[in-house]
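Residues per chain are reported as follows:
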Amino acid sequence: MIYNNNREKKRKRKEKCELLETVDFFKITTADKRNGLLHPKISIAALQDQKMSTPTKLKSFCSLAMAALFAYSASVQLNDHDWYFWLPLYSGASIVNLVSWVISSKPINHLGEAVLCLGIFLFIKVVMEDIGDGISGFWSMDLSERVIREKIGSGLVVISMILQLIASSSSTQSPQVSMKRQRNSYPRYVEYGMAFLVGFSYGLPFVFFVLQRGEMKF
């Protein structure tokens, strides 16, 4: 008898909590409803899942590291004859990496897509220039040559934007996903890819300019 009473109390307590959650859920602003941000059929648990989609420490660190690198790259482009290509490329890539680890929004995604297209265009441009002039091979890492630096730079931008867009699409997935999946919203290969990108981006110049004491040609 006592056991049944306890079960009944637990059941009533659970129903009361669900009722309170339902009441809180429908305290949604009219603007949110009109913009389609929320739908009455979305449960409270699903909304909580969405809030849990936060960047990991590894992704945040990698994004900030790449943002700093691209910002520096943008700052040294004004002396180039085609700065109007490279300055927007590196500036946009820096902004995407700097902002995407804090928020995920359509304007940032659109900027990332635009930077990605520009990066692909410039990568093809410098590769064709390298092949036409016979400066060095496709896989060359000789940072003394301008076209090699531009090829590597545009390639880093392309890879970074692809990873950022994948991470952004993962964090804005449908709110009906389970809590377990939402906690792991970023695929592991995205984080590992960002970590490898940071290591390569900072490691290659360190080896060339510090260890090998190489010099750039202009």
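Model, not experiment: these values are computed from the prediction.

K.L.:
Could you give an account of the overall build of the protein, naming the residues involved and the relevant values?
P.N.:
Helix and strand content of the protein: nine helices and zero strands. Relative to its full complement of 218 residues, the protein shows a buried share of 36%. Partitioning the contacts of the protein with sequence separation of at least 6, the portion at a separation of at least 24 is 68%. When the accessible surface of the protein is totalled, it reaches about 13,900 Å², and 64% of it is carbon and sulfur.

K.L.:
Can you explain the nonpolar core? Please cite residues and give values.
P.N.:
Ranked by size, the top nonpolar core spans 32 residues in total, and within it Phe70, Leu89, Tyr90, Val157 and Met161 carry the most contacts. At the level of secondary structure, the elements contributing two or more residues to this core comprise α4 (57-75), α5 (83-100), α6 (106-133), α7 (146-171) and α9 (188-211). With nine residues, α7 is the single largest residue contributor to this core. With near-sequence residues (within four places) excluded, Phe70 lies in contact with Tyr90, Ala93, Ser94, Asn97, Leu156, Val157 and Ser160.

K.L.:
Any chance you could break down α4 for me, citing the residues and the numbers?
P.N.:
Taking 1.5 Å per residue, 19 residues should reach 27 Å; α4 reaches 27 Å between its end C-alpha atoms and fits that length. For α4, the complete set of buried residues consists of Lys59, Ser60, Cys62, Ser63, Ala65, Met66, Ala67, Leu69, Phe70, Ser73 and Ala74.

K.L.:
Break down the layout of surface pockets for me, citing the residues and quoting the values.
P.N.:
Of the voids in this model, the largest pocket is the one considered here, and its volume is about 830 Å³. Tyr72, Ser73, Val76, Arg149 and Met216 are the residues nearest the centre of the largest pocket, which is lined by 26 residues in total. If you list the elements that add at least two residues to the lining of the largest pocket, you get α4, α5, α7 and α9. Grouping the amino acids of the lining of the largest pocket by side-chain chemistry returns 16 nonpolar, six polar and four charged.

K.L.:
So what about the environment of Ala195? Which residues, and what values?
P.N.:
Relative to the helices and strands, Ala195 is located in helix α9. Classification of Ala195 by relative accessible area gives partly exposed; the value is 30%. For the pair Ala195 and Cys62, spaced 133 residues apart in sequence, the C-alpha separation works out to 6.1 Å. In this structure Ala195 touches Leu58 and Cys62, once residues within four positions along its chain are discounted.

K.L.:
Which residues make up the confidence of the model for the protein, and what values do they have?
P.N.:
Taken over all residues, the pLDDT of the protein has a mean of 77, while the share at 70 or more is 65%. At the level of individual helices and strands, the protein shows its lowest average pLDDT in helix α8 (residues 179-183), which scores 42, and its highest in α5, which scores 94. Ignoring residues within four places in sequence, the model shows residues 22-31, a span with pLDDT below 50, making eight contacts including any to other chains. Here residues 38-53 scores under 50 on pLDDT; set against residues more than four positions off or in separate chains, the count is 27 contacts.

K.L.:
Describe in detail a nonpolar patch on the surface, supporting the description with residues and values.
P.N.:
Together, Phe206, Val207, Phe209, Val210, Leu211 and Met216 make up a nonpolar patch on the protein surface, roughly 520 Å² of accessible area in all. By the element assignment, Phe209 lies in helix α9. The class of Phe209 is partly exposed, set by a relative accessible area of 32%.

K.L.:
Just give me the short version of the pattern of salt bridges, but keep the residues and values in it.
P.N.:
Counted according to the given criterion, the structure contains three salt bridges. Note that Asp82 is salt-bridged to Lys125, the shortest N-O span being 3.8 Å. Taken together, the positions of Asp82 in the loop between α4 and α5 and Lys125 in helix α6 put the pair 43 residues apart, joining distant regions of the chain. The salt bridge involving Arg146 is made with Glu129; its shortest N-O contact spans 2.6 Å. Here Glu129 lies in helix α6 and Arg146 lies in helix α7, a separation of 17 residues in the sequence.

Analysis parameters
Residues numbered from 1 in each chain as written. Predicted model: local features only at pLDDT ≥ 70, side-chain atom pairs only at ≥ 80, totals over all residues. Heavy atoms only, no water. Helix = DSSP H or I, 4+ residues; strand = E, 2+ residues; numbered from the N terminus. Buried < 20%, exposed > 50% of the residue type's maximum accessible area, 1.4 Å probe, protein only. Contact = heavy atoms within 4.5 Å. Areas by Shrake-Rupley, 256 points an atom, 1.4 Å probe, with all protein chains shown as cover. Core = buried A, V, L, I, M, F, W, Y, C linked by side-chain atoms within 4.5 Å. Expected span 1.5 Å × (residues − 1). 1 Å grid on protein atoms, 1.4 Å probe; cavity = no way out; pocket = protein on both sides within 12 Å on 5 of 7 lines; lining within 4 Å. Points joined across faces, edges and corners; volume = space filled by probe spheres on them. Nonpolar A, V, L, I, M, F, W, Y, C, P; charged D, E, K, R; others polar. pLDDT = per-residue confidence, 0-100. Patch = residues over 30% accessible without salt bridge, like charges linked within 9 Å, V, L, I, M, F, W, Y side chains within 5 Å. Salt bridge = Lys/Arg side-chain N within 4 Å of Asp/Glu carboxyl O.

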